[in-house]
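Structural characterization, general
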Amino acid sequence: MSFDDPLKARRNFRRAVALSRALRGPAPEQDDVAIRNTVVAPADDSDREIPVRIYEPKNRKNSAPLPVLVYLHGGAFVAGDLETEHDRCVRYVREADCALVSVEYRRPPEHPFPAPAEDGYAVVSEVVRTADTRGWDGTRVAVGGSSAGGNLAAAVALMARDRGGPALVLQLLLYPALDDRLETGSVRRFRRASGWDVEDSPHMWRHYLGGEPGGGPPPHAVPARCDDFHGVAPAYLLVAEVDALRDEGIDYACRLMRDGVHVELHCYAGAFHGFELAAPNAAASRRAHADQAAALRAAFTVRAG
């Protein structure tokens, strides 16, 4: 699958997701999860509507307002949609006892940075603003995403700090694409490992940044280029050993920690980019799912601010 041609990449990505779901057997039961598609209209932009999918537990354990995870799917920025990580979202709601808002953000190259990140930030802001009317807890909101979605989640966390926006309890970053410079040891070593082909990285960044990568874009576009992480939301960071993006994730976690951010870092031995989506029943995937749900539950026990 090449990401040089975005339209072709979208078609192939949808087929790959459908094939993967068919090969791995029955999807997780979702009878206990209420799911609906709707739109979010940002308060500061009456002309824009952002498609979202809202997940909520049907059998709530108590009447307390639900914490919320705003989730941004992967797909090299240009591909992916609300179906891409649907099964993961169902698991989070069931295992972390939370509401979840999955965002279908605008995609490049038609909508390069800052559009996708701004959509993520707008949904987080609206979730907090309207939480009381939805039975949600606006003081317990997290943001998360995988791969390119992990980049957007990290960007939203930075934007929230820099704009004095919502106080997030967690940024859940799963094998995130954080650095456009493509200079790490894992990029050089795992150029054609399963899950991601490094030859597609320049295409991905070119589409997202609206130009060639490596030219000094703003830090919200490339979180690894940020110089100061003080005051950013706590982080859970997952990386896979056999993944070109491994080292930029590890480096990001270390830089967060050096600036006083609470970080939980997991590196899964033998795993590849997107391993728990491709093989959710593998032992490493089951551990990863359990670790992520535990991190969400722990974050949701602490009110923001």
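Because the structure is predicted, anything quoted here is derived from the model rather than measured.

A few points about the overall build of the protein chain
Summing up its helical and strand segments, the protein chain has nine helices and eight strands in all. Here the C-alpha atoms of the protein chain give a radius of gyration of 18 Å, agreeing with the 19 Å that 2.2 N^0.38 yields for 305 residues. C-alpha atoms of the protein chain, sized along the principal axes, occupy 50 × 45 × 40 Å. Across the 305 residues that make up the protein chain, the buried fraction comes to 55%. Taking the 37 positively charged and 42 negatively charged side chains of the protein chain as two groups, their mean positions are separated by 3 Å.

As for unusual backbone geometry
The omega angle of the peptide bond from P108 to P109 is 5°, so this bond is cis rather than trans. Each neighbour pair has its own omega, and for F113 with P114 the value is 15°, a cis peptide bond. With respect to the helices, strands and loops of the structure, P114 is situated in the loop between strand 4 (99–103) and helix 3 (115–134). For D97, which is not a glycine, the phi torsion comes out positive at approximately 50°.

Regarding the layout of surface pockets
By volume, the largest pocket is sized at about 600 Å³. Contributing to the lining of the largest pocket are 25 residues, with M1, F13, G195, H273 and G274 lying nearest its centre. Mapped by element, the contributors of at least two residues to the lining of the largest pocket are helix 1 (6–23) and helix 8 (275–278).

Quick word on the pattern of salt bridges
Applying the stated criterion across every chain yields a total of 16 salt bridges. With a shortest N-O distance of 3.3 Å, R206 and D4 are connected by a salt bridge. In this pair, R206 is assigned in helix 6 (residues 201–209) and D4 in the segment before helix 1, connecting sequence segments 202 residues apart. With a relative accessible area of 42%, D4 lands in the partly exposed category. D32 is paired through a salt bridge with R94; the nearest N and O atoms lie 3.0 Å apart.

Things to note about empty space enclosed by the protein
A probe as big as a water molecule, rolled over the atoms, marks out the empty space that is left. Across all of its chains, the model carries one cavity of 30 Å³ or more by this definition. If you add up the space inside the largest cavity, you get close to 30 Å³. Every residue lining the largest cavity is listed: R21, R24, E83, T84, E85, H86, D87, R88 and L277. Among the elements that line the lining of the largest cavity, the one with the most residues is helix 2 (residues 86–96), at three residues. When its residues are assigned to classes, the lining of the largest cavity shows one nonpolar, two polar and six charged.

What counts as what
- Residues numbered from 1 in each chain as written.
- Predicted model: local features only at pLDDT ≥ 70, side-chain atom pairs only at ≥ 80, totals over all residues.
- Heavy atoms only, no water.
- Helix = DSSP H or I, 4+ residues; strand = E, 2+ residues; numbered from the N terminus.
- Rg over C-alpha atoms; globule rule 2.2 N^0.38 Å.
- Buried < 20%, exposed > 50% of the residue type's maximum accessible area, 1.4 Å probe, protein only.
- Lys, Arg positive; Asp, Glu negative; His and termini not counted.
- Charge placed at Lys NZ, Arg CZ, Asp CG, Glu CD.
- 1 Å grid on protein atoms, 1.4 Å probe; cavity = no way out; pocket = protein on both sides within 12 Å on 5 of 7 lines; lining within 4 Å.
- Points joined across faces, edges and corners; volume = space filled by probe spheres on them.
- Salt bridge = Lys/Arg side-chain N within 4 Å of Asp/Glu carboxyl O.
- Nonpolar A, V, L, I, M, F, W, Y, C, P; charged D, E, K, R; others polar.

Take it as geometry only, folks, not as evidence of what the structure does.
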